[in-house]
Amino acid sequence: MEEIETLRLPAPAKLNLLLRVVGRREDGYHLLQTVFQFIDRCDWITLGRRTDGEIHLKTPLPGVPPEADLTVRAARALAAATGTRAGVDIGIEKNLPMGGGLGGGSSDAATVLVGLNRLWHTGLGVEALMELGLKLGADVPVFVNGRSAWAEGVGEQLTPLDLPEPWYVVVVPDCHVATRTVFSSPNLTRDNKPIIIADFIAGRQENHCLPVVMELYPEIGAAMDDLSRYSEPRLTGTGACVFAAFADERQARQAAVDLGSTRSVFVAKGENLSPLQRALGFDPGSRQS
Ligand SMILES: C[C@](O)(CO)[C@H](O)COP(=O)(O)OP(=O)(O)OC[C@H]1O[C@@H](n2ccc(N)nc2=O)[C@H](O)[C@@H]1O
Ligand SMILES: Nc1ncnc2c1ncn2[C@@H]1O[C@H](COP(=O)(O)OP(=O)(O)OP(=O)(O)O)[C@@H](O)[C@H]1O
């Protein structure tokens, strides 16, 4: 069988369709209830095999030292966990805004874990890759698993959900939100009562970070006001991006054209199977990696 030398794979964005804060762990991390859905807007990751054991980032991102980049950290984590002697050249084509609440960095890391596991023949299962990913960021496991999900804990306890797959208009406000800043605010309500999945299905879609985010970043409230002229706006993660769902592609595109005269905006389709798993040809029912 011919050896694969290079893989080019998508790293999709996620939206948090609901984000509830229901407690805090001893280590300060917040206990959440959230719903993740993927969208077909993606970064692209290229992985080129090296035989010398080096892990090299060919395309460093502005403001992110290569050793801090989540793709490099993911590759190092997989190498350390498996003891492989192989190396990799990593390329990132960045389309997702950083600090946008779309999980771009986490998704890049997940694509590296899943893609390299294949390129390097390291043979880890999905659960082991998710566990490695969780050490890199709370959002990495859902991108490794690749299915829309209800999530609890810090986002690692996943229950796959079969959701409607609407069109979304996503507005990218002109500001970057540091997740840590929002979670460290004294004004964040941390003791909300847990709900159950059926409550979400029945229509719950609040984001408990929203009041703090609007107070810290007035620009995000302004973006929500603009979007509310077309459909009910929501915040993803801790922001900055806000989004609204449309049943119809034409309406979504028209709203994006209107908003696009004054704002940075894009249209994307909701997807319950991640574009990463689709690209790798994973069977939706299978747990194989
Ligand atoms: C808000 C979400 O985007 C929802 O999907 C995620 O929970 C955030 O995940 P993430 O960006 O991968 O976050 P991490 O890089 O793990 O954490 C950034 C910082 O935010 C705070 N943090 C994050 C997640 C969490 N459940 N509780 C926290 O308090 C911690 O101070 C942490 O140091
Ligand atoms: N490959 C990467 N892509 C993006 N950011 C990275 C990457 N590696 C490290 N980072 C760092 O992670 C920070 C958060 O980036 P990211 O795009 O994941 O934010 P986010 O979309 O707000 O994430 P989340 O929704 O998980 O909170 C960046 O500001 C950057 O310093």
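Cut-offs and rules
Residues numbered from 1 in each chain as written. Chains lettered and ligands numbered in written order. Predicted model: local features only at pLDDT ≥ 70, side-chain atom pairs only at ≥ 80, totals over all residues. Heavy atoms only, no water. UniProt positions renumbered as here; feature names shortened; annotations may be inferred. Contact = heavy atoms within 4.5 Å. Polar contact = N/O pair within 3.5 Å; in protein donor to acceptor, adjacent residues only side chain to side chain. Helix = DSSP H or I, 4+ residues; strand = E, 2+ residues; numbered from the N terminus. Expected span 1.5 Å × (residues − 1). Near = heavy atom within 4 Å. Areas by Shrake-Rupley, 256 points an atom, 1.4 Å probe, with all protein chains shown as cover. Nonpolar A, V, L, I, M, F, W, Y, C, P; charged D, E, K, R; others polar. Domains from an automatic or database assignment. Buried < 20%, exposed > 50% of the residue type's maximum accessible area, 1.4 Å probe, protein only. Pairing = 2+ DSSP bridges. Buried area = accessible area lost by both parts, 1.4 Å probe. Salt bridge = Lys/Arg side-chain N within 4 Å of Asp/Glu carboxyl O.

Peer 1: For the UniProt feature "active site" (unreviewed entry) in the protein chain, give the residues involved together with the corresponding values.
Peer 2: The UniProt record annotates "active site" (unreviewed entry) at Lys14 and Asp139. Spanning 126 residues, the named residues nonetheless gather at one spot, since no C-alpha pair among them exceeds 9.2 Å. Ignoring any residue separated from it by four or fewer positions in sequence, one finds Lys14 in contact with Phe36, Gln37, Phe38, Gly101, Leu102, Gly103, Asp139, Phe143, Thr236 and Gly237. Side-chain polar atoms of Lys14 contact the side chain of Asn16, separated by 2.6 Å. If you trace the backbone, Asp139 turns up in the loop between α3 (126-134) and α4 (140-145).

Peer 1: Can you explain helix α1 (residues 70-82)? Please cite residues and give values.
Peer 2: The terminal C-alpha atoms of α1 lie 18 Å apart, and with 13 residues this matches the ideal 18 Å at 1.5 Å per residue to within 8%. Within two residues after α1, Gly83 carries a phi angle of roughly 70°, on the positive side.

Peer 1: Break down the site of ligand 1 for me, citing the residues and quoting the values.
Peer 2: What surrounds ligand 1 is a group of 15 residues, the closest being Asn16, Tyr29, His30, Ala138 and Asp139. In the model, an oxygen atom of ligand 1 is placed 3.2 Å from a nitrogen or oxygen of the Lys14 side chain. Contact between ligand 1 and Asp139: an oxygen atom at 2.8 Å from a side-chain N or O atom of the residue. Relative to its unbound accessible area of 650 Å², ligand 1 is 84% covered by the protein chains. Looking at the shell around ligand 1, the elements with two or more residues in it are β1 (6-24), β2 (30-50) and α5 (179-183). Looking at the shell around ligand 1 residue by residue, the classes come out as six nonpolar, six polar and three charged. Both domains that furnish three or more residues to the shell around ligand 1 are identified here as domain 1 (6-162) and domain 2 (167-271).

Peer 1: Would you mind going over the site of ligand 2 in detail, with residue names and values included?
Peer 2: By nearness alone, 21 residues border ligand 2, and Leu70, Gly101, Gly103, Gly105 and Asp139 come closest of all. With respect to ligand 2, the backbone of Leu102 contributes an N or O atom lying 3.1 Å from an oxygen atom. Alone, ligand 2 offers 620 Å² of accessible surface; in the complex the protein occludes 77% of this. Among the elements that make up the shell around ligand 2, the one with the highest residue count is helix α2 (residues 104-119) (four residues). Grouping the amino acids of the shell around ligand 2 by side-chain chemistry returns eight nonpolar, eight polar and five charged.

Peer 1: Account for the pairing of β2, with residues named and values stated.
Peer 2: Summarising burial for β2: 16 of the 21 residues are buried, a large majority. In terms of strand pairing, β1 meets β2 through 17 bridges, oriented antiparallel. Note that in β2 the partner of Lys14 across the bridge is Phe38. Where β1 hands over to β2, the hairpin turn is made up of five residues, of which Gly28 adopts a positive phi near 95°. Alignment of β2 against strand β5 (residues 149-152), held across three bridges, turns out to be antiparallel. Within β5, the residue paired with Val35 across the bridge is Trp150. Inspection of the sheet shows β2 paired to strand β10 (residues 265-271) by two bridges, in the antiparallel sense. Paired with Phe38 across the strands is Glu271, a residue of β10. With seven bridges joining them, β2 and strand β4 (residues 87-93) adopt antiparallel strand pairing. Directly across from Gly48, in β4, lies its bridge partner Asp89.

Peer 1: Describe the domain arrangement of the protein chain, with residues and values.
Peer 2: The domain architecture assigned to the protein chain consists of domain 1 (6-162) and domain 2 (167-271). Its C-alpha centre places domain 1 at a distance of 22 Å from the equivalent point of domain 2. Counting residues at the interface gives 30 residues for domain 1, matched by 36 residues for domain 2. Buried surface at the junction of domain 1 and domain 2, both sides included, amounts to about 2800 Å², of which 60% is carbon and sulfur. The largest per-residue losses of area from domain 1 upon contact with domain 2 belong to Leu19, Arg20 and Val21, which jointly make up 21% of the total buried on that side. Glu206 serves as the salt-bridge partner of Arg20, at 2.8 Å between the closest nitrogen and oxygen. Our count for the domain 1 to domain 2 interface comes out at 23 residue pairs in polar contact (both at pLDDT 80 or more). Elements with a contribution of two residues or more to the side of domain 1 that touches domain 2: β1 and β2. If one sorts the elements of the side of domain 1 that touches domain 2 by residue count, β1 sits on top with 11 residues. Residues belonging to the side of domain 1 that touches domain 2 are distributed by class as follows: 15 nonpolar, 10 polar and five charged.

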